[in-house]
Amino acid sequence: MKTERIGCRFVTLAVALAAVLLGAAGVQAAPLMLDVRSENRTVLVPGPGDGTIQIQVIAPDAPAVPTDRPRLNLALVIDRSGSMAEARKLDFVKTAAHHLVDMMGPDDLLSIVAYSQQVQVLWPSRPVGRDRSDLHRIIAGLYPGGSTFLSGGLEEGFRQATAGKRRGTLNRVLLLSDGLANVGVTNRSVLRERAGDMAEKGISVSTFGVGNDFDEELMTRIAGGGGGNYRYLGDPERIVAALESEFRTASRTAASEVEIILRLRRECRFGSVLGRDWRRDGDSYVIRLGDLSAGERRTVFAKVNVAGDGIGLREVGDVALRYRDPATSKGTTTSSKAVSLELVRDEQAYREGFDRSVQEKKAVAEANVLVQEAARLADQGKKEEAKGMLGKAAAGLAAAPSSPAVRAEMDHAERYKDSLDTMGDMSSESAKGAQKAIKYRAYETLQQR
């Protein structure tokens, strides 16, 4: 009976996944809105000259207008290493793949790549067609065994998606894995950069971490670089919840391949972006957001530095958006919004220059960056160092203006700090599951706020 319930949930998973991919293509894009604010409209001089810019991208909650959707071009990349035999993980993935095949249109393109220590192209990129019997037979024949050549599977997924790419197709690589990459390229930064290269060519990557033993930092970096999403699939209940959430947002996609373009004046310097990937592109700094659905809002915090001791208004730079209409593939670059800060010597004017709302959101984002670092330390058995990091997160939140969101994050950091003593052996399944959930919550908060 339990197996039947789990099977039903995976049917739901497959239907939701297919609906995500089908629905995302069937809505006309509404123009995105851009809101740019500074945490403090002033910079105190003399001083370090640091400032934080909040950039919000909003997709208006406009009525969806159905259109004939473009063809899908999907590369499904499946880890079939030996560990996928545990808890019937590969069986669940196969069930989802069967139903995904059934949901696709006959003209949609699909490729299926499986990898262990070697990479196999089980179904080269071509139209699904109406007779799916060969596809179902191939999926049913998947079996676990061997090590994890993740980079090889990813590269083949890119090749297949590139081969299937046509004018007007939506091109996605879906990478599923339950383990650590231990064959081929294992460097996280290299794999992230490779995913970024493919995103520049219109092929996005979403990653799905199955179980409690995969490298979430690797999976998040690949998804971040590839303009896609990362999902933690710890158990069937989590899978259903994750894909249902993905369905609700992606089925109303308003814009795809969304990027923030930040240009700074020559005397200003770029610092970092809280919890997100960014890249340098000539004289611009590019922050990739991926897809936005109608009514969705993304918030980014960019740290900048303004040089100089003279007082007065200083132009820092400008911010623009670049994105693509998911229905027509037409690209849009918005007009830019100027960013200015006022250099002041009056400490009272500086204290009065803070934007309370931006302070709150930034404090929550910074706390989650620290929670992620604490979790990495705890994974290494450095619990006291992790507690110190969580104490730092709580202190930062305590210094921020009070709000329900700030108080909730403070409570979360304190509970996590207290729980470290009760986790015991960090290599136990319960500890690994708890750690994965904590890091996933921090990731989701940083990506979706």
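Residues numbered from 1 in each chain as written. Predicted model: local features only at pLDDT ≥ 70, side-chain atom pairs only at ≥ 80, totals over all residues. Heavy atoms only, no water.

## What about the side chain of arginine 298?
Then step 1. Turning to its location among the elements, arginine 298 is positioned in strand β14 (residues 297-306).
Then step 2. When its relative accessible area of 5% is taken as the criterion, arginine 298 is described as buried.
Then step 3. A polar atom in the side chain of arginine 298 sits 2.9 Å from the backbone oxygen of leucine 289.
Then step 4. Side chain to side chain, arginine 298 and glutamate 296 meet in a polar contact 2.9 Å long. (Helix = DSSP H or I, 4+ residues; strand = E, 2+ residues; numbered from the N terminus. Buried < 20%, exposed > 50% of the residue type's maximum accessible area, 1.4 Å probe, protein only. Polar contact = N/O pair within 3.5 Å; in protein donor to acceptor, adjacent residues only side chain to side chain.)

## Description of the sheet that holds strand β3 (residues 50-58)
Then step 1. Ordered by their spatial adjacency, four strands build an open sheet running β1-β3-β14-β11, and the pairing between neighbours is antiparallel. Both outer strands of the open sheet, β1 (33-38) and β11 (268-273), are each paired with one neighbouring strand and no more. The mean inter-strand angle of the sheet, taken between neighbouring strand axes irrespective of direction, is 25°.
Then step 2. The pairing of β3 with β14 spans nine bridges and is antiparallel. (Pairing = 2+ DSSP bridges. Axes fitted to C-alpha atoms, helices over the stretch in contact; angles between N-to-C directions.)

## Describing the side chain of glutamine 447
Then step 1. Within the secondary structure, glutamine 447 sits in helix α12 (residues 429-448).
Then step 2. In this structure glutamine 447 comes out as buried when scored by relative accessible area, which is 16%.
Then step 3. From its side chain, glutamine 447 meets the backbone oxygen of glycine 275 in a polar contact 3.3 Å long.
Then step 4. Excluding its chain neighbours within four sequence positions, the residues that come into contact with glutamine 447 are Gly275, Arg276 and Arg298. (Contact = heavy atoms within 4.5 Å.)

## Quick notes on helix α2 (residues 89-103)
Then step 1. Over its 15 residues, α2 extends 22 Å from the first C-alpha to the last, a length consistent with the 21 Å expected when each residue adds 1.5 Å.
Then step 2. When α2 is considered as a whole, its buried residues turn out to be Lys89, Leu90, Phe92, Val93, Lys94, Ala96, Ala97, Leu100 and Val101. (Expected span 1.5 Å × (residues − 1).)

## Section: the nonpolar core
Grouped burial of nonpolar side chains is what soluble globular proteins tend to show.
Then step 1. Counting 32 residues, the largest nonpolar core has Leu32, Val57, Val258, Ile260, Leu264, Leu289 and Val316 as its most contacted members.
Then step 2. Tallying contributions element by element places strand β10 (residues 253-264) first for this core, with six residues.
Then step 3. In this structure leucine 264 touches Arg269, Phe270, Asp283, Tyr285, Val304, Val316 and Gly317, once residues within four positions along its chain are discounted. (Core = buried A, V, L, I, M, F, W, Y, C linked by side-chain atoms within 4.5 Å.)

## Points about the sheet that holds strand β7 (residues 170-177)
Either a parallel or an antiparallel arrangement is found when strands of a sheet pair, and the pairing is made through backbone hydrogen bonds.
Then step 1. With respect to topology, six strands assemble into an open sheet ordered β6-β5-β4-β7-β8-β9, the strand pairing being mixed. Pairing within the sheet leaves two strands with one partner each, and these edge strands are β6 (119-127) and β9 (230-233). Neighbour to neighbour, the strand axes of the sheet diverge by 15° on average, direction disregarded.
Then step 2. Packed on one face of the sheet, α2 meets β4 (72-79), β5 (109-115), β7 and β8 (203-210) and runs near 165° to β4.

## Thoughts on helix α10 (residues 383-399)
Then step 1. Between its first and last C-alpha, α10 extends 24 Å over 17 residues, near the 24 Å set by a 1.5 Å rise per residue.
Then step 2. Residues Lys383, Ala386, Lys387, Met389, Leu390, Ala393, Ala394 and Leu397 constitute the buried set of α10. For α10, the angular spread of the buried residues around the axis is 160°, confining them to a single face. Summarising the geometry of α10, the exposed residues directed more than 90 degrees from the buried face are Glu384, Lys392, Ala398 and Ala399.
Then step 3. Looking at the buried residues of α10, the elements they touch are α9 (356-379) and α11 (404-419). (Arc of directions from axis to C-beta.)

## Let's talk about the packing of α2 against helix α3 (residues 133-140)
Then step 1. It is at 9 Å that the axes of α2 and α3 come closest, and there the two elements cross at 170°. Put simply, α2 runs roughly antiparallel to α3. Residues Lys94, Ala97, His98, Val101 and Asp102 of α2 form the contact with α3, whose participating residues are Leu135, His136, Ile139 and Ala140.
Then step 2. Each residue belonging to the contact of α2 with α3 can be placed in one class, and the counts come to five nonpolar, two polar and two charged. (Parallel < 35°, antiparallel > 145°, perpendicular 65-115°, else oblique. Nonpolar A, V, L, I, M, F, W, Y, C, P; charged D, E, K, R; others polar.)

## Remarks on the environment of aspartate 283
Then step 1. Topologically, aspartate 283 is positioned in the loop between β12 (279-281) and β13 (284-293).
Then step 2. The exposure class of aspartate 283 is exposed, given its relative accessible area of 54%.
Then step 3. The spatial distance from the C-alpha of aspartate 283 to the C-alpha of leucine 262 is 8.8 Å, given a sequence separation of 21 residues.
Then step 4. Those residues within four positions of aspartate 283 in sequence are excluded, and the remaining contacts are Leu262, Arg263 and Leu264.
Then step 5. At 3.4 Å, the side chain of aspartate 283 forms a polar contact with the side chain of serine 284.

## Focus: the pairing of strand β17 (residues 337-344)
Then step 1. Summarising the sheet, strand β2 (residues 42-44) and β17 pair through three bridges and their orientation is parallel. Counterpart to leucine 44 in the pairing with β17 is valine 344.
Then step 2. For strand β15 (residues 312-324) and β17, the ladder comprises seven bridges, and the chain directions are antiparallel. Bridge pairing in β17 places aspartate 318 opposite alanine 338.

## Some thoughts on the pattern of salt bridges
Then step 1. Summed over the entire model, instances satisfying the criterion amount to 34 salt bridges.
Then step 2. Measuring nitrogen to oxygen at the nearest pair gives 2.9 Å for the salt bridge that ties lysine 436 to glutamate 216. With a gap of 220 residues between them, lysine 436 in helix α12 and glutamate 216 in helix α6 (residues 216-225) connect regions that are remote in the sequence. Taken as a pair, lysine 436 and glutamate 216 share a single burial class, namely buried.
Then step 3. Among the charged side chains, a salt-bridge network with shared partners connects Glu200, Glu259, Arg279, Arg288 and Arg322. (Salt bridge = Lys/Arg side-chain N within 4 Å of Asp/Glu carboxyl O.)

## Quick look at the confidence of the model for the protein
Then step 1. Here the protein averages 85 in pLDDT, and 87% of its residues register 70 or above.
Then step 2. Here residues 9-28 is modelled with pLDDT under 50, and outside its nearest four sequence neighbours on either side it reaches 69 contacts, counting other chains as well. (pLDDT = per-residue confidence, 0-100.)

## Remarks on unusual backbone geometry
Then step 1. The amide bond that connects valine 45 to the next residue, proline 46, takes the cis arrangement and shows omega of -5°.
Then step 2. Mapped onto the fold, proline 46 is located in the loop between β2 and β3.
Then step 3. Phi is positive for alanine 87, which is not a glycine, with a value near 55°.
Then step 4. By secondary structure assignment, the location of alanine 87 is in the loop between β4 and α2.
Then step 5. For alanine 87, a relative accessible area of 64% puts it in the exposed group.

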